[in-house]
Amino acid sequence: MAGGCVRDTLMGRRPADYDIATSAPPDEVRRLFGRTVPTGLRHGTVTVLYAGHACEVTTYRIDGSYDNCRRPHQVTFTGDILLDLARRDFTVNAMAMDLGGGIIDPFGGRGDIDRRLIRCVGEPRERFSEDALRMLRALRFAAKLGFAIDPPTLGAMRACAPLAAKLSAERVAAELSGILASPRPDTVWQAVDMGLMARFLRPGAGPRHALAPLPHYARLPRLCADLEAGGYIMSTESFLRGLRLPARAISSGSTAAEILLSGSRDYKRLLHSYGRDAVLAAYPKSRELRRILRSGECWSREQLKISGAELRAAGFEGAGIRDALEALLRHVMERPEDNEHEILCKLAKELKPNDRA
Ligand code: ATP
Ligand code: MG
């Protein structure tokens, strides 16, 4: 086993997955196991399907030249695990465990786990120049594990930050969401301040609401609202589109950010205009909002105790039906106790006379 699963095991955390490293070349791995998927043959990765599990098996490799601070062009396989561990980003990620549970730790990863440090394997500037994503990864691991970043590594991040401009939006978005989903989501502002997100932001300033107290789903909208209010982005929608998020995430994120930017706390109105999920994403901690949602108090036409069909039977027509429903809704949003069929029928009659007359 190599990489994150060794780190997590040593820390007593449950690994997300187990990556296997081997001196066997990919072809041999495929020969040895019955069912395999050639996941990333170019990089030496074969997925082995065995006893109901899927496991990535990667041949020890040395990364070749790096293209534009992104992934390596080509890789060379090697039989030496030490060379494989040397290509890895941080000391805590550069350990392996053999079948007997013995730890191979050439760069002091265990010591850095004890000291709770993210530290580059080798010369930090070189490593960040090879792959600029590692700077965002450093912040993600620091946020996720609750570690500090070793000062020389941090210094190199400050120096190399402009290289992040070349990263693909998808890779940046994946690290950003990893940071936001961590126990220290506010680390995302370090990425902003260091210029690691510069490709997606303009210079800005302004208040920053704490993200950590918020549930995961509410963090991105809150961040976006602060970025927008602070002038870092033109609009949340264009920012999220630039990060190439899925269409649904763009629309839910920008709706919730819009609610936050409006500053409105008129929850029923907001629920009526934007729907339950968006308002909850904007104000996940509001007791009043939760009370309204639990109470069954009316904020949508569907909840009115009178229907369009009943209004039609009472003589309303076409757009008049919709207008009457809206008027009744406005009324019961103020006076929840009036959401009773009989009361609404009476109120509807009072609305009616003008066009009868
Ligand atoms: P997580 O639990 O968050 O998945 P992980 O350590 O498994 O953490 P991955 O991104 O899945 O992280 O990568 C697996 C391993 O591959 C890392 O532990 C590291 O050894 C190596 N690695 C991944 N990306 C890079 C990179 N950009 N540069 C160097 N090594 C990397
Ligand atoms: Mg992993």
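Residues numbered from 1 in each chain as written. Chains lettered and ligands numbered in written order. Predicted model: local features only at pLDDT ≥ 70, side-chain atom pairs only at ≥ 80, totals over all residues. Heavy atoms only, no water.

Undergrad: Go over the packing of aromatic side chains, please, and point to the residues and values.
TA: Under the definition given, this model contains four aromatic pairs. Considering the side-chain rings of Phe33 and Tyr50, the 6.1 Å spacing of their centres and the 80 degrees angle between planes classify their relative orientation as edge-to-face. On the criterion of sequence distance, the pair formed by Phe33 in the loop between helix 2 (26-32) and strand 2 (35-40) and Tyr50 in strand 3 (residues 45-50) is long-range, its members being 17 residues apart. Looking at Tyr50, the relative accessible area reads 57%, which means it is exposed. Centre to centre, the rings of Phe90 and Phe141 are 6.2 Å apart; their planes meet at 75 degrees, and the pair counts as edge-to-face. Here Phe141 lies in helix 6 (residues 133-145) and Phe90 lies in the loop between helix 3 (81-86) and strand 7 (96-97), a separation of 51 residues in the sequence. (Phe/Tyr/Trp six-rings, centres within 6.5 Å; stacked < 30°, edge-to-face > 60°. Helix = DSSP H or I, 4+ residues; strand = E, 2+ residues; numbered from the N terminus. Buried < 20%, exposed > 50% of the residue type's maximum accessible area, 1.4 Å probe, protein only.)

Undergrad: I'd like to hear about the environment of Ala164, residue by residue, with values.
TA: With respect to the helices and strands, the residue Ala164 is situated in the loop between helix 7 (151-160) and helix 8 (169-180). The spacing of Ala164 and Phe128 is 36 residues in sequence and 9.2 Å in space, taken between C-alpha atoms. In this structure Ala164 touches Ala132, Met135 and Leu196, once residues within four positions along its chain are discounted. (Contact = heavy atoms within 4.5 Å.)

Undergrad: I'd love a proper account of a nonpolar patch on the surface, names of residues and values included.
TA: Side chains of Leu32, Phe33 and Tyr50 sit close together on the surface and give an oily, nonpolar patch of about 340 Å² of accessible area. Judged by its relative accessible area of 30%, Phe33 is partly exposed. (Patch = residues over 30% accessible without salt bridge, like charges linked within 9 Å, V, L, I, M, F, W, Y side chains within 5 Å. Areas by Shrake-Rupley, 256 points an atom, 1.4 Å probe, with all protein chains shown as cover. Salt bridge = Lys/Arg side-chain N within 4 Å of Asp/Glu carboxyl O.)

Undergrad: Go over the state of the cysteines with me, naming the residues and quoting the values.
TA: Using the criterion set out here, one finds zero disulfides in the structure. Left unpaired, Cys120 is separated from the closest cysteine sulfur, that of Cys160, by 9.0 Å. Classification of Cys120 by relative accessible area gives buried; the value is 4%. Left unpaired, Cys298 is separated from the closest cysteine sulfur, that of Cys345, by 14 Å. (Disulfide = S-S within 2.5 Å.)

Undergrad: Requested: an account of the domain arrangement of the protein, with residues and values cited.
TA: Taken domain by domain, the protein consists of domain 1 (200-295) and domain 2 (298-356). Averaged C-alpha coordinates put domain 1 and domain 2 at centres separated by 32 Å. Listed per partner, the contact involves seven residues of domain 1 and nine residues of domain 2. Summing both partners gives a buried area of about 670 Å² for domain 1 against domain 2, and 60% of it is carried by carbon and sulfur. The largest per-residue losses of area from domain 1 upon contact with domain 2 belong to Lys268, Arg269 and His272, which jointly make up 76% of the total buried on that side. Counting across the domain 1 and domain 2 interface gives zero salt bridges. (Domains from an automatic or database assignment. Buried area = accessible area lost by both parts, 1.4 Å probe.)

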